[in-house]
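Chains, contacts and geometry: an overview
Spelled out, the chains give:
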Amino acid sequence: MSSVYGNFKSQIELDAAYDVENSVADFMAYANKYIEGSAQARVDLQNATNIAYGPTLDEYVDIFPAAEPNAPVFVFLHGGYWKSLSAKEFSFVARGLVTSGITVVVGNYSICPNVTIDEIVRQARAMVAWVYKNISNYNGNPNKLFVCGHSAGAHLGAMCILTDWTKAYGLPSDVIAGGIMISGLFDLEPLRSSFLQPDLRLNRGQIQRNSPQYFVHRVSSHLLISYGDNEPLEFSRQSDDFFEACKAEGNQVSLQIQSDCNHFMAIMGFMDSKSNFCESIFKFMDHRASSSHTYINASEHRYGVSLHSNRRSRIWLK
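Residues numbered from 1 in each chain as written. Predicted model: local features only at pLDDT ≥ 70, side-chain atom pairs only at ≥ 80, totals over all residues. Heavy atoms only, no water.

The helix and strand inventory of the protein chain stands at 10 helices and 9 strands. The buried share of the protein chain, reckoned over its 318 residues, is 56%. Sequence separation of at least 24 residues holds for 77% of the intrachain contacts in the protein chain that already meet a minimum separation of 6. A total accessible area of about 13,400 Å² is found for the protein chain, and carbon and sulfur atoms account for 48% of it. (Helix = DSSP H or I, 4+ residues; strand = E, 2+ residues; numbered from the N terminus. Buried < 20%, exposed > 50% of the residue type's maximum accessible area, 1.4 Å probe, protein only. Contact = heavy atoms within 4.5 Å. Areas by Shrake-Rupley, 256 points an atom, 1.4 Å probe, with all protein chains shown as cover.)

A few words now on the nonpolar core. Within the largest apolar cluster, 105 residues are counted, with the highest numbers of intra-cluster contacts made by Phe 74, Trp 82, Leu 97 and Phe 270. No other element matches helix 4 (residues 117–134), which puts 11 residues into this core. If we skip the residues at most four places from it in the chain, Phe 270 touches Phe 74, Phe 76, Phe 92, Val 93, Arg 95, Gly 96, Leu 97, Cys 148, Ile 182, Phe 277, Cys 278 and Ile 281. (Core = buried A, V, L, I, M, F, W, Y, C linked by side-chain atoms within 4.5 Å.)

Turning our attention to the pattern of salt bridges. On inspection of all chains with the given rule, the structure shows 10 salt bridges. With a closest N to O distance of 2.9 Å, Arg 122 and Glu 119 form a salt bridge. Note that Arg 122 and Glu 119 are positioned in helix 4 at a spacing of 3 residues, about one turn of the helix. The class for Arg 122 is partly exposed, based on a relative accessible area of 34%. Linked through salt bridges whose partners overlap, the residues forming this network are Glu 59, Glu 119 and Arg 122. (Salt bridge = Lys/Arg side-chain N within 4 Å of Asp/Glu carboxyl O.)

Counted according to the given criterion, the structure contains 16 aromatic pairs. Three or more aromatic residues link up through ring pairs in this structure, and these residues are Tyr 34, Phe 74, Phe 76, Phe 90, Phe 92, Phe 270 and Phe 277. (Phe/Tyr/Trp six-rings, centres within 6.5 Å; stacked < 30°, edge-to-face > 60°.)

Bringing helix 10 (residues 276–285) into the picture now. Note on helix geometry: an α-helix contains 3.6 residues per turn, so any two residues three or four positions apart are oriented the same way. Taking burial as the measure, the 10 residues of helix 10 include 7 buried ones, the bulk of the element. Those residues of helix 10 not exposed but buried are Phe 277, Cys 278, Ser 280, Ile 281, Phe 282, Phe 284 and Met 285. Here the buried face of helix 10 lies against strand 3 (71–77), helix 3 (94–98), strand 5 (140–150), strand 6 (178–182), strand 7 (222–228) and strand 8 (253–259). Directly after helix 10, the chain includes Asp 286, whose backbone phi takes a positive value near 55°.

Fair warning: the whole summary comes from geometry, so function is off the table for now.
Okay, structure coming up:
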């Protein structure tokens, strides 16, 4: 019996492996937390929204400046399988970071099938270039710029990290100090055979150009790859494979596994500056959180993590 992709013998099996919404008991409960938390963040935190970085209406960023100048910069790229959602559902990511002295940029981009994956990647790169050139106007230090993405956004973050910034944009090669890829996808090939294809409309050339797994190389950025231990197995596999590829090229990369955590919980720790997840992000950024800040407990979940480095040691945080 021939396979649809890899070890998947049927379309049903492959679709189930990438169906994140049905991987949890109540997807809408998480969706509502994202939406409500984001709306509240825009009320509570100083912000500048819908700032254009490109010519189309979709190309904008929402910026949440730190209170003090020269702050580290955290660019967040949202998920949604490149075909849904917007920056507005992810303002909540700024909550724990801004209150700890970090300027946060939540990026928006066009989605499929209105545009191709090639165009989305171009927009993500243009966004990072714009942030580097302009973020000092929002209390950010462009030399402390970190890029983070979740799910499809992690794919875009990886594509940005692997960009030749000098050749393509005339910028320093080390534009991105560090990259954080959460619950990401780094090989697009299986998606061409999945339920996503009618929207993504992937062809072989697009897959080759836009699969970070295929062209990992040595970069100056420090890397953190993270996922929950209750993710669909294809997400953990793809993250593990990307981690191994990055390590094989001599990159400074760590693997973080969040305990008791599913695909949608994997970024909810951003809502609380004192969550174990936020603390791990501060450590990765070499950032000492502001001593006087406020935070909310947005969820009853605890965000434990397991950190894997070259020593493959395991530390569980509770």
